[in-house]
Amino acid sequence: MTLSVSHPVTHTEGFTFLSNIQSEPGHWRKLINKAPSQPVVLSIKGTHPGLLCLVMHRHPDTDTTLQLAETLIRGYRQLCTETRIVVLPASDTVDDAECRARFQTLVDWQPDAVIAITTACCPKPLTFSYRRQAGSAALGSVFSAYTVHGNFAPLALTRYPWPCPSVELLLPESATGDTLQQVCQTLSELKFETNRETGRECWLGSAYRLDALKAASVTFSDRPVFGVNITLNLPTAKDAFVTLHPGESIGWLDHNGLDHLRLKGASTHQSLFDYFDASDNRLRVRVPLICFLIANSVDCLRGQGILHFCPVKC
């Protein structure tokens, strides 16, 4: 794998690092834009021991991840630990061997933590961790109320078995400058202890995903819309997570009811009817669910699902 940057640089195992980026804050942006298909590594020194790797996928429709990198670089003097920002090219399909090669290279760096950063239609930052490595939930808890046991983006390197805490951090696609500044402040203050099991381990079990069929028409409204298969009236969450109680409604369905919906992530003995009811054409919750709402537009819904949820354990 070839990484493309400019002077001053150093080379290690095929990776090219851009250092002294603080001297030209916008220079790395130009390099990335000149070669959008090439990964780029930005290395920033910290004041305390430790190495944090931030892996960012460029997104063709949003500049949020690069804005986050830029905000972090502007405040480089505040970084506690060495931080390597790995900016990967935008891609929907990446060869599995290439993903594994990237994973192995980063493992060889022996980081103390890895955070894969992507964007989604979420109101607040969310964290996922595919495996329950010691310390992963504690790492995720500094950004989010729960760390979801699973992965969101199929290309996230955190789906591999890291020897260190690793999480996937979802940022709102329309994140404000204040939100990015808050995330950067959290990142700049991260310190790594010898005992990685310290901290709050707050896991949310494997999450299920509620999807609409591609052929179903969908809209958002506070009342049922005639001629539309699914009308959604999702709760507005001030925080990333919201608890829905039995009987609460999240919208309306036409006469075909739950046939317009699919449940992903469930085992073969589980079904939509275990969690939702549409006997009166109103889409209601049957059991308490902890939900994190992703879809705030029809476009987001098609790509990311109506909502993700985990049953509340009694």
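How each quantity is defined
- Residues numbered from 1 in each chain as written.
- Predicted model: local features only at pLDDT ≥ 70, side-chain atom pairs only at ≥ 80, totals over all residues.
- Heavy atoms only, no water.
- Helix = DSSP H or I, 4+ residues; strand = E, 2+ residues; numbered from the N terminus.
- Buried < 20%, exposed > 50% of the residue type's maximum accessible area, 1.4 Å probe, protein only.
- Contact = heavy atoms within 4.5 Å.
- Areas by Shrake-Rupley, 256 points an atom, 1.4 Å probe, with all protein chains shown as cover.
- Axes fitted to C-alpha atoms, helices over the stretch in contact; angles between N-to-C directions.
- Parallel < 35°, antiparallel > 145°, perpendicular 65-115°, else oblique.
- Left-handed = near helix turned anticlockwise from the far one by under 90°.
- Nonpolar A, V, L, I, M, F, W, Y, C, P; charged D, E, K, R; others polar.
- Pairing = 2+ DSSP bridges.
- Phe/Tyr/Trp six-rings, centres within 6.5 Å; stacked < 30°, edge-to-face > 60°.
- Lys NZ or Arg CZ within 6 Å of the ring centre and 35° of its normal.
- Expected span 1.5 Å × (residues − 1).
- Salt bridge = Lys/Arg side-chain N within 4 Å of Asp/Glu carboxyl O.
- Disulfide = S-S within 2.5 Å.

A.B. asks: What is the right way to look at the overall build of the protein chain in this model?
C.D. replies: The helix and strand tally for the protein chain stands at six helices and 20 strands. When each of the 314 residues of the protein chain is scored for burial, the buried share is 51%. Put simply, 74% of the contacts in the protein chain that link residues at least 6 apart link residues at least 24 apart. Here the protein chain displays about 14900 Å² of accessible surface, and carbon together with sulfur accounts for 48% of that area.

A.B. asks: Got a minute to help me understand the packing of helix α2 (residues 64–74) against helix α5 (residues 177–188) in this structure?
C.D. replies: Two elements in contact, α2 and α5, have axes whose closest approach is 9 Å; the angle formed by their N-to-C orientations is 55°. Taken together, α2 and α5 sit at an angle that is classed as oblique. As for how α2 packs across α5, the hand of that crossing is right-handed. Residue-level contacts link Thr64, Gln67, Leu68, Thr71 and Leu72 of α2 to Leu180, Gln181, Val183, Cys184 and Leu187 of α5. A class-by-class count of the residues in the contact of α2 with α5 yields six nonpolar, four polar and no charged.

A.B. asks: It is not clear to me how the sheet that holds strand β14 (residues 241–244) should be interpreted in this structure. Could you clarify?
C.D. replies: Note: strands within a sheet are paired through backbone hydrogen bonds, in either parallel or antiparallel orientation. Pairing is antiparallel in the open sheet, where five strands are placed in the order β14-β19-β20-β11-β16. In this open sheet, the two strands that pair with only one neighbour each are β14 and β16 (261–264). The average undirected angle you get between the axes of adjacent strands in this sheet is 30°. As judged from the four bridges shared by strand β11 (residues 208–212) and β16, these two strands associate in the antiparallel manner. When the sheet's bridge partners are listed, Arg209 is paired in β16 with Lys264.

A.B. asks: I would appreciate a short explanation of the packing of aromatic side chains in the present structure.
C.D. replies: The geometry of two aromatic rings is summed up by the distance between their centres and the angle between their planes. For the coordinates displayed, the defined rule picks out ten aromatic pairs. Aromatic side chains Phe128 and Phe152 sit 5.7 Å apart centroid to centroid with 50° between the ring planes, which places their arrangement in the tilted category. Taken as a pair, Phe128 in strand β7 (residues 126–129) and Phe152 in the loop between β8 (147–149) and β9 (166–172) lie far apart in primary sequence, 24 residues in all. The pair Phe128 / Phe152 is uniform in exposure class, with both members buried. Seen in terms of ring centroids, Phe276 and Phe309 are 5.4 Å apart; in terms of plane orientation they differ by 90°. Their pairing is edge-to-face. One end of the pair, Phe276, is in strand β17 (residues 276–277); the other, Phe309, is in strand β20 (residues 307–311), and 33 residues separate them in sequence. Taken as a pair, Phe276 and Phe309 share a single burial class, namely buried. In this structure, Arg84 is placed above the aromatic ring of Trp109, and the distance from its NZ or CZ to the ring centre is 4.8 Å.

A.B. asks: Would you take a moment to explain α5 for this structure?
C.D. replies: Every α-helix winds through 3.6 residues per turn, so residues three or four apart in the chain are directed the same way. With twelve residues, α5 extends 16 Å from end C-alpha to end C-alpha; this agrees with the ideal 16 Å at 1.5 Å per step. Taken together, the buried positions of α5 are Leu180, Val183, Cys184, Thr186, Leu187 and Ser188. Next to the buried residues of α5 lie β4 (48–57), α2, β6 (113–120) and β9.

A.B. asks: Help me out: how do you make sense of the pattern of salt bridges in this one?
C.D. replies: Pairing of side chains with opposite charge becomes possible as their charged atoms draw close. Evaluation of the coordinates by the stated rule reveals eight salt bridges. Between Asp222 and Arg223 there is a salt bridge, with the nearest N and O atoms lying 3.6 Å from each other. The same class applies to Asp222 as to Arg223, namely exposed.

A.B. asks: For this particular structure, what's the right way to read the sheet that holds strand β12 (residues 218–220)?
C.D. replies: An order of β12-β13-β15-β18-β17 is seen for the five strands of this open sheet, with the pairing classed as mixed. Across the chains shown, the open sheet's two edge strands, defined by having one partner strand only, are β12 and β17. In terms of strand pairing, β17 meets strand β18 (residues 282–285) through two bridges, oriented antiparallel. Bridged to Phe276 within β18 is Val285.

A.B. asks: I would appreciate a short explanation of unusual backbone geometry in the present structure.
C.D. replies: Most peptide bonds take the trans configuration, and most residues that are not glycine carry a negative phi. With a phi angle near 55°, Gln110 is a residue other than glycine that sits in the positive phi range. With respect to the helices, strands and loops of the structure, Gln110 is situated in the loop between α3 (96–108) and β6. Take Gln110: its relative accessible area is 66%, and that puts it in the exposed class. One non-glycine residue, Asn281, lies in positive phi territory at about 70°.

A.B. asks: I would appreciate a short explanation of the state of the cysteines in the present structure.
C.D. replies: The bond known as a disulfide is covalent and runs between the sulfur atoms of two cysteines. Summed over the entire model, instances satisfying the criterion amount to one disulfide. Shown here is the disulfide that connects Cys121 with Cys300, its sulfur atoms set 1.6 Å apart. One quick way to see it: the torsion about the S-S bond of Cys121 and Cys300 is about -45°, and its sign makes the bridge left-handed. Of this pair, Cys121 sits in the loop between β6 and β7 while Cys300 sits in helix α6 (residues 298–304), and the two are 179 residues apart along the sequence. Residue Cys121 shares its accessibility class with Cys300, and that shared class is buried. This cysteine, Cys53, is not joined by any disulfide, and Cys164 carries the nearest cysteine sulfur, 7.7 Å off.

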